[in-house]
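Structural characterization, general
The lines below spell out each chain.
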Amino acid sequence: MADDKDVLRDVWFGRIPTCFTLYQDEITEREAEPFYLLLPRMSYLTLVTDKVKKHFLKVMKAEDIEEMWFDFEGTSLKWHYPIGLLFDLHASNTALPWSITVHFKNFPERDLLHCPSNSVIEAHFMSSIKEADALKHKSQVINDMQKKDHKQLWMGLQNVVLCSSDKFDQFWAMNRKLMEYPTEEGGFRYIPFRIYLTMSDRPFIQKLFRPISPDGHTHTLGDLLKEVYPVAIPNDDESKHYQVVIHGIEPLLETPLQWLSEHLSHPDNFLHISVIPAPSD
Amino acid sequence: MLHVTIPPFPPPEMSSCFLDEETFCQCCQLLLQHSHSLCDGWSWEQVKGSEEGYLRKTALGTGRTRCNLDQQGNSSDQHQERTFSLSFHNDDDDDDEDDGAVCCIQEESSSSSVVQYEYHILYSCSYQTPVLYFRASTLEGRSLCLEEVWDSVHPNYRQRLQHRPWDTITQQEHPLLGQSFFVLHPCRTEEFMMPVLKAALEEHRQVNYIVTWLSVVGPVVGLDVPLSYCTQKHQWLCTRRLIDCK
């Protein structure tokens, strides 16, 4: 469907205007100006912030620079989460631009993963794709791909920062194989999803969930939530306590899960769903 | 003594040997029973408000740590030679945007020291296998970095880990706690479990999946499994039915 392909493009090209400010306790030789950047929702912080690092390096001494990390309002930001997810989870109902604080010292060892090079980001990304395919196709599709096909997926993601139609096509030429399923099945074996919570110690919920029930009923987003996180769905007489957000929007709970998985997944083939408190009026 | 009805393991059709979550929990409970008798430190941690949980154990072991690192794990040493490289792939892609050294350990600047390990055994529903998570710190409380963890792996296992990207140790987020842990990647588990389970099936023996699995992956990261785990009768699953393989 022509409309559905537009959804893929809109998701791919999503951007968040961001303002990076150096943490006040960092040692600088002169005052550091904030740095503005449009961040691609689909990418990862450490993949797209070289310019940020270079900007602040100009006013700092080399010996005061360790691994760069970020926080938003005191919460350290996990680089291995897609940027769009981080925004939806932590800053959905705040004013733009998104204000991120940059650190070069006191890396929070217990909470953040280290990211010494792009290889680590690639390994993480490919690992997610592999896991998603284990759920969708028992790993058959990903294992049938050659190493160069894996590279094409990774190159496509690296290039998401470029607003180029070619790069979108390059990625989807390979990714569409991961989105196929036998017609008689009606959908994937299980849907790769994670529901992220802000009001819990647990970072996310991930369970086995089929897109089609044994008696052929198409499962919706609402069915998924009722099964794995019923707290997110208001009772009929209650006002809404939570928002269920994917790529910055609240899809209707009646949306078929299979459709969401095919169209609103991230490049890592996972549906990353944020459940956040609804803003009080 | 635990009185439960547990379906026979290995399952009758041996085309795959995936572990379902219920059997995972039951195998863990059996392991715990034996652990209590040995007092070797395993406990079951339940996730608040859910039936999910994981096995946990802390232990002191040896590891190779860098002696010139400060509390934050940063080197006071000016020299960092690349004697040991840590990439998973042959990096022919453009790396000049990287931060610089994937830091390495020179033989002279690392030494054997006492390390505090914490091991968690979780269930992966994506791969339908158990997964071993662990973290390590010095006695002063400094977290070991990935390079030190690699250096602490027994030389016998190191070659295997280096050449097969999917068998490797990486840093990951703990799915239940949200903190940084090291993980042995689970996607090849079926490869080494299958022959063991098939043999058990043919010989009409039953096995504790977790004990068998742990005895393979544990020693790689300093976690040994005493032999009595496999020889104690109550470690086998309770059902004594013979399995017909169709």
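Residues numbered from 1 in each chain as written. Chains lettered and ligands numbered in written order. Predicted model: local features only at pLDDT ≥ 70, side-chain atom pairs only at ≥ 80, totals over all residues. Heavy atoms only, no water.

- In the annotation of an unreviewed UniProt entry, chain B is listed under the name Ubiquitin-like-conjugating enzyme ATG10 and assigned to Oncorhynchus tshawytscha.
- UniProt, in the comment section headed Sequence similarities (unreviewed entry), describes chain B in these words: "Belongs to the ATG10 family." (UniProt positions renumbered as here; feature names shortened; annotations may be inferred.)

- Looking at an unreviewed UniProt entry, one finds chain A named Autophagy protein 5 and attributed to Oncorhynchus tshawytscha.
- According to UniProt, the comment filed for chain A under the heading Sequence similarities (unreviewed entry) is "Belongs to the ATG5 family."

**Re the interface of chain B and chain A**
- Each partner contributes residues to the interface: chain B has 34 residues there, and chain A has 38 residues.
- Between chain B and chain A, the buried area comes to about 3,400 Å², and carbon and sulfur atoms account for 43% of it.
- Measuring nitrogen to oxygen at the nearest pair gives 2.9 Å for the salt bridge that ties Arg202 of chain A to Glu52 of chain B.
- Where chain B touches chain A, the interface holds 13 residue pairs in polar contact (both at pLDDT 80 or more).
- With three residues, the single largest contributor to the side of chain B that touches chain A is strand β5 (residues 169-173) of chain B.
- Class assignment of the residues belonging to the side of chain B that touches chain A gives a composition of 10 nonpolar, 15 polar and nine charged. (Contact = heavy atoms within 4.5 Å. Buried area = accessible area lost by both parts, 1.4 Å probe. Salt bridge = Lys/Arg side-chain N within 4 Å of Asp/Glu carboxyl O. Polar contact = N/O pair within 3.5 Å; in protein donor to acceptor, adjacent residues only side chain to side chain. Helix = DSSP H or I, 4+ residues; strand = E, 2+ residues; numbered from the N terminus. Nonpolar A, V, L, I, M, F, W, Y, C, P; charged D, E, K, R; others polar.)

**Let's talk about the nonpolar core**
- With 79 residues, the main nonpolar core has Phe20, Trp98, Val102, Phe125, Leu153, Ile195 and Leu271 of chain A as its most contacted residues.
- At six residues, helix α4 (residues 83-91) of chain A tops the list of elements feeding residues into this core.
- Look past the residues within four positions of Phe20 of chain A in its chain and what remains in contact with it is Pro34, Phe35, Leu37, Leu39, Thr49, Val52, Phe56, Phe70, Ile100 and Val102 of chain A.
- By size, the runner-up hydrophobic cluster in this structure holds 40 residues, among which are Leu19, Val115, Val211 and Tyr229 of chain B. (Core = buried A, V, L, I, M, F, W, Y, C linked by side-chain atoms within 4.5 Å. Buried < 20%, exposed > 50% of the residue type's maximum accessible area, 1.4 Å probe, protein only.)

**Observations regarding the UniProt feature "domain: Autophagy protein ATG5 UblA" (unreviewed entry) in chain A**
- Per the UniProt record, the feature "domain: Autophagy protein ATG5 UblA" (unreviewed entry) sits at residues 11-104 of chain A.
- Between the end C-alpha atoms of residues 11-104 of chain A the distance is 32 Å, and the span holds 24% helix and 28% strand.

**Brief notes about the side chain of Arg202 of chain A**
- Within the secondary structure, Arg202 of chain A is located in the loop between β6 (193-197) and β7 (204-205).
- Within polar-contact distance, the side chain of Arg202 of chain A engages the side chain of Glu52 of chain B at 2.9 Å.
- In this view, Arg202 of chain A contacts Leu197 of chain A together with Val47, Ser50, Glu52, Pro175 and Leu176 of chain B; residues no more than four positions away in its chain are not counted.

**Re helix α1 (residues 21-38) of chain B**
Residue and element names in this part refer to chain B.
- For α1, with 18 residues, the first-to-last C-alpha span of 26 Å sits near the 26 Å given by 1.5 Å per residue.
- Looking at α1, one finds that the buried residues are Thr23, Phe24, Gln26, Cys27, Cys28, Leu30, Leu31, Leu32, His34 and Ser35.
- Looking at the packing, one finds that the buried side of α1 touches β1 (43-46), β2 (53-66), β3 (110-124), β4 (129-138), α5 (209-217) and α6 (228-231).
- If you check the start of α1, you find a side-chain oxygen 3.1 Å away from the backbone N of Glu22, and it comes from Asp20.
- Downstream of α1 by a residue or two, Cys39 has a phi angle that is positive, lying close to 55°. (Expected span 1.5 Å × (residues − 1).)

**Some remarks on the packing of helix α4 (residues 189-202) of chain B against α5 of chain B**
Residues and elements named next belong to chain B.
- Interaxial distance between α4 and α5 falls to 11 Å at its minimum, and their mutual angle equals 120°. Compared by their axis directions, α4 and α5 come out oblique. The chirality of how α4 crosses α5 is right-handed. Residues Thr189, Phe192, Met193, Val196 and Leu197 of α4 touch α5, and the partners they reach there are Tyr209, Thr212, Trp213, Val216 and Val217.
- Here the contact of α4 with α5 is composed, by residue class, of eight nonpolar, two polar and no charged. (Axes fitted to C-alpha atoms, helices over the stretch in contact; angles between N-to-C directions. Parallel < 35°, antiparallel > 145°, perpendicular 65-115°, else oblique. Left-handed = near helix turned anticlockwise from the far one by under 90°.)

**Regarding the sheet that holds strand β5 (residues 98-103) of chain A**
Residue and element names in this part refer to chain A.
- Strand order in the open sheet formed by five strands is β2-β1-β5-β3-β4, with mixed pairing between adjacent strands. Single-partner strands in this sheet number two, and they are β2 (35-40) and β4 (75-76).
- Bridge count between strand β3 (residues 69-72) and β4: two bridges; the pairing is antiparallel. Residue pairing for β4: Phe72 is matched across the bridge by Thr75.
- The strands that helix α3 (residues 50-57) touches are β1 (15-22), β2 and β5; relative to β2, the one it contacts most, it runs at about 170°.
- Set on the sheet, α4 makes contact with β1, β2, β3, β4 and β5; between it and β5 the angle comes to about 110°. (Pairing = 2+ DSSP bridges.)

**Details of the UniProt feature "domain: Autophagy protein ATG5 UblB" (unreviewed entry) in chain A**
- Here, the residues flagged by UniProt with the feature "domain: Autophagy protein ATG5 UblB" (unreviewed entry) are residues 190-275 of chain A.
- A distance of 21 Å separates the end C-alpha atoms of residues 190-275 of chain A, which is 17% helix and 19% strand.

**A closer look at a nonpolar patch on the surface**
Residues and elements named next belong to chain B.
- Taken together, the side chains of Leu60, Val114 and Leu139 present a nonpolar region at the surface, about 300 Å² in accessible area.
- Locating Val114 in the fold gives a position in strand β3.
- For Val114, a relative accessible area of 39% puts it in the partly exposed group. (Patch = residues over 30% accessible without salt bridge, like charges linked within 9 Å, V, L, I, M, F, W, Y side chains within 5 Å. Areas by Shrake-Rupley, 256 points an atom, 1.4 Å probe, with all protein chains shown as cover.)

**Focus on unusual backbone geometry**
- Residue Leu96 of chain A is joined to Pro97 of chain A through a cis peptide bond whose omega torsion reads 0°.
- Position of Pro97 of chain A relative to the elements: it lies in the loop between α4 and β5.
- Of note in the backbone geometry, Ser139 of chain A takes a positive phi value of approximately 70° without being a glycine.
- Note that Ser139 of chain A resides in the loop between α5 (118-137) and α6 (140-144).
- Positive phi outside glycine occurs at Gln128 of chain B, with the angle close to 50°.
- As for its placement among the helices and strands, Gln128 of chain B is situated in the loop between β3 and β4.

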